[in-house]
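# Chains, contacts and geometry: an overview
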Amino acid sequence: MYKLLYIFMLTISLVGCKENPGTSPEIAAQEISNVITQMTDVMIHDVTNPPLAARFFAYTSLAAHEVVALHDSKVPSMQGRLNEFPKIEKPSIAGDYSYPVAAVLAMYETAKKMQPSGKLLDGLETKWIDSLQRAGFSKLVLNNSLQYAQAISAQILSYAKADRYNRISNYPRYTPLGTDGTWYPTPPGYFAPVEPNFNTIRPFTLDSAAQFKPVPPVAFSADQKSAFYAQMQEVYAQDLSQEKLEIAAFWDCNPFALQDNGHLMVGMKKISPGAHWMGIAGIACEKNKASVAKTVQVYTVLAIGLMDGFYCCWDEKYRSNRIRPETAIRKYIDPKWKPFLQTPPFPEYLSGHSTISAAAAVILTRFFGEDFAYTDTVEERFGLKARKFSSFQQAAEEAGISRLYGGIHFMDAITNGQQQGELVGKLVIGKLL
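Note that the coordinates shown come from a computational prediction; the quantities given were computed from them, not determined experimentally. (Residues numbered from 1 in each chain as written. Predicted model: local features only at pLDDT ≥ 70, side-chain atom pairs only at ≥ 80, totals over all residues. Heavy atoms only, no water.)

## Quick look at the overall build of the protein
In terms of regular secondary structure, the protein is built from 14 helices and 4 strands. For the protein, whose C-alpha radius of gyration is 23 Å, the value lies close to the compact-globule estimate of 22 Å for 433 residues. A principal-axis box enclosing the C-alpha atoms of the protein has dimensions of 95 × 45 × 40 Å. With 433 residues in all, the protein has 55% of them scored as buried. Within the protein, counting contacts between residues at least 6 apart in sequence, those at least 24 apart form 80% of the total. For the protein, the computed accessible surface area is about 18,800 Å², with 54% contributed by carbon and sulfur atoms. Between the centroid of the 42 positive side chains of the protein and the centroid of its 41 negative side chains there is a distance of 4 Å. (Helix = DSSP H or I, 4+ residues; strand = E, 2+ residues; numbered from the N terminus. Rg over C-alpha atoms; globule rule 2.2 N^0.38 Å. Buried < 20%, exposed > 50% of the residue type's maximum accessible area, 1.4 Å probe, protein only. Contact = heavy atoms within 4.5 Å. Areas by Shrake-Rupley, 256 points an atom, 1.4 Å probe, with all protein chains shown as cover. Lys, Arg positive; Asp, Glu negative; His and termini not counted. Charge placed at Lys NZ, Arg CZ, Asp CG, Glu CD.)

## Details of the packing of helix α13 (residues 392–405) against helix α14 (residues 411–432)
Taken N-terminus to C-terminus, the directions of α13 and α14 make an angle of 150 degrees; their axes are 8 Å apart at the nearest point. By the angle class used here, α13 and α14 are roughly antiparallel. As for the relative orientation of α13 and α14, their crossing is right-handed in sense. Every residue of α14 that contacts α13 at Q393, A396, E397, G400, I401, R403 and L404 is listed here: M411, I414, Q418 and E422. Broken down by class, the residue content of the contact of α13 with α14 amounts to 5 nonpolar, 3 polar and 3 charged. (Axes fitted to C-alpha atoms, helices over the stretch in contact; angles between N-to-C directions. Parallel < 35°, antiparallel > 145°, perpendicular 65-115°, else oblique. Left-handed = near helix turned anticlockwise from the far one by under 90°. Nonpolar A, V, L, I, M, F, W, Y, C, P; charged D, E, K, R; others polar.)

## Re the nonpolar core
One finds W277 and F392 to be the most contacted residues of the largest nonpolar core, which totals 124 residues. In terms of residue count, the dominant contributor to this core is helix α10 (residues 292–320) (17 residues). Setting aside residues no more than four positions away along its own chain, F392 makes contact with W277, I280, A284, A361, L364, T365, F368, G369, F372 and Y374. Grouped together as the second largest cluster of nonpolar side chains are 11 residues, V235, A328, I329 and I414 included. (Core = buried A, V, L, I, M, F, W, Y, C linked by side-chain atoms within 4.5 Å.)

## Topic: the environment of F372
Topologically, F372 is positioned in the loop between α12 (352–368) and β3 (374–376). A C-alpha to C-alpha distance of 6.2 Å links F372 and S390, two positions 18 residues apart in sequence. Ignoring any residue separated from it by four or fewer positions in sequence, one finds F372 in contact with A284, K287, F389, S390, S391 and F392.

## Structural notes on the layout of surface pockets
What the largest pocket holds in volume is close to 430 Å³. Along the wall of the largest pocket there are 21 residues; nearest its centre are D252, M268, K270, F340 and Q342. (1 Å grid on protein atoms, 1.4 Å probe; cavity = no way out; pocket = protein on both sides within 12 Å on 5 of 7 lines; lining within 4 Å. Points joined across faces, edges and corners; volume = space filled by probe spheres on them.)

## Description of the confidence of the model for the protein
The share of residues in the protein with pLDDT of 70 or more is 93%, and the mean pLDDT across the chain is 93. Throughout residues 1–17 the model reports pLDDT below 50, and contacts reaching past four residues in sequence, or to other chains, amount to 1 contact. (pLDDT = per-residue confidence, 0-100.)

## Details of empty space enclosed by the protein
Across all of its chains, the model carries 3 cavities of 30 Å³ or more by this definition. Of the voids in this model, the largest cavity is the one considered here, and its volume is about 120 Å³. P50, P273, P344, F346 and R403 are the residues nearest the centre of the largest cavity, which is lined by 16 residues in total. Taken together, the residues of the lining of the largest cavity break down into 9 nonpolar, 5 polar and 2 charged.

## Points about the pattern of salt bridges
Once the charged atoms of two side chains with opposite charge are near each other, the side chains can pair. What the rule picks out here adds up to 19 salt bridges. K385 is paired through a salt bridge with E246; the nearest N and O atoms lie 3.8 Å apart. Residue K385 is found in the loop between β3 and β4 (387–389), and its partner E246 is found in helix α8 (residues 242–250); the two are separated by 139 residues along the sequence. Between E348 and R322 there is a salt bridge whose closest N-O contact spans 2.7 Å. Of this pair, E348 sits in the loop between α11 (325–332) and α12 while R322 sits in the loop between α10 and α11; the two residues are 26 residues apart in sequence, bridging distant segments of the chain. (Salt bridge = Lys/Arg side-chain N within 4 Å of Asp/Glu carboxyl O.)

## Structural notes on the side chain of H65
Relative to the helices and strands, H65 is located in helix α3 (residues 50–69). Taking relative accessible area as the criterion, H65 reaches 1% and is therefore assigned buried.

## Quick notes on the packing of aromatic side chains
Across all of its chains, the model carries 23 aromatic pairs by this definition. When the centroid spacing of 6.5 Å and the interplanar angle of 45 degrees are considered together, the rings of Y108 and W128 count as tilted. Of this pair, Y108 sits in helix α4 (residues 99–114) while W128 is found in helix α5 (residues 120–135), placing the two residues 20 residues apart along the sequence. Each of the two residues, Y108 as well as W128, counts as buried. For the ring pair Y174 and Y318, a centre distance of 5.3 Å and an interplane angle of 75 degrees mean the geometry is edge-to-face. Note that Y174 is positioned in the loop between α6 (139–161) and α7 (227–236) and Y318 in helix α10, a separation of 144 residues in sequence. The class of Y174 is partly exposed, set by a relative accessible area of 22%. Ring pairing ties together the aromatic residues F250, W251, W277, F367, F368, F372, Y374, F389 and F392, which thus form one cluster. (Phe/Tyr/Trp six-rings, centres within 6.5 Å; stacked < 30°, edge-to-face > 60°.)

In structure tokens form, the structure reads like this:
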């Protein structure tokens, strides 16, 4: 009888300790942010375009989110909240593991397979695991946590594979129309248009790419009395103070920027707009002293909002297919004019940065409040001074107007992009929170 009771109690003890080793140290929420930063570095290496970068962030964060959701009742699974999202099966692990460690490792395992140069994360993941062992985690717990992470990551990667992004390469190459008022490749790179078929993949929360279809852009006209010509003049005649130039440079975030070094064009190291906002999320989480669970949730909801923001914005870009200020102003006002910022390689309307910044501000405000003041240091490592903001909304508005200062967008693309982004942000919050 006592022997049976002992075996029963031992079994309960072993099962109970699988999810809570107890003797293992805790990991800091900053570890989640570190993976996001490392992903961003790989994106810079790969020159990842803005919509695709958001897609990588979303699925990678989602892997960590679902690990946490299986262990924290305050963080519900995304099943029933995201389009076609499956029930995530909890892995059966024979032994102790740490789910916070598994959450971080699930991010590594997902990013490694999704990003073109994801192998660059291999060494960083190994180095992190080694640091955990030195900090007091047992090799058994770490191995089991990795197995757990790989099982969750495999399910997320299967979900990602079904979003139809892998079909995009089969579509015919996009050809500029060459008609008055339509987009045409811009100097100095004259790159082909980025992601003209992004609206064919599966969104996370939207019913369709056109769910928040904006009003049409101001109609093109070369008439000097027209509304379009007035918009050209507004860009052309901008009085660019030092403050405006600093704002434009701070929010540039153009992965395709080139620098002319005489006989050679050199790519400049710049992050995408979405990566900038993921960095802001990390700053907010650190200031808020957010837990691992909250940090994972913030990144996941934000990344999903960024992806769906780009999704509907890109749908409009290739519908309206509007000419960039650089092309229009050179043709109709001043053939020698150059914008302060290099023009990104895709149509003008809507402004992508305005759209996703507005969505991000709505989402981050939901987590941290309307008057959350912070210092944005994201661009410091790229040689730009930090900027202080009294709220996420203020930052989003500055990000939008920076496109006018930079000479790469007309004003209606900015204001209507902000409206679209707010709608996306509110939808994401309503469905996920």
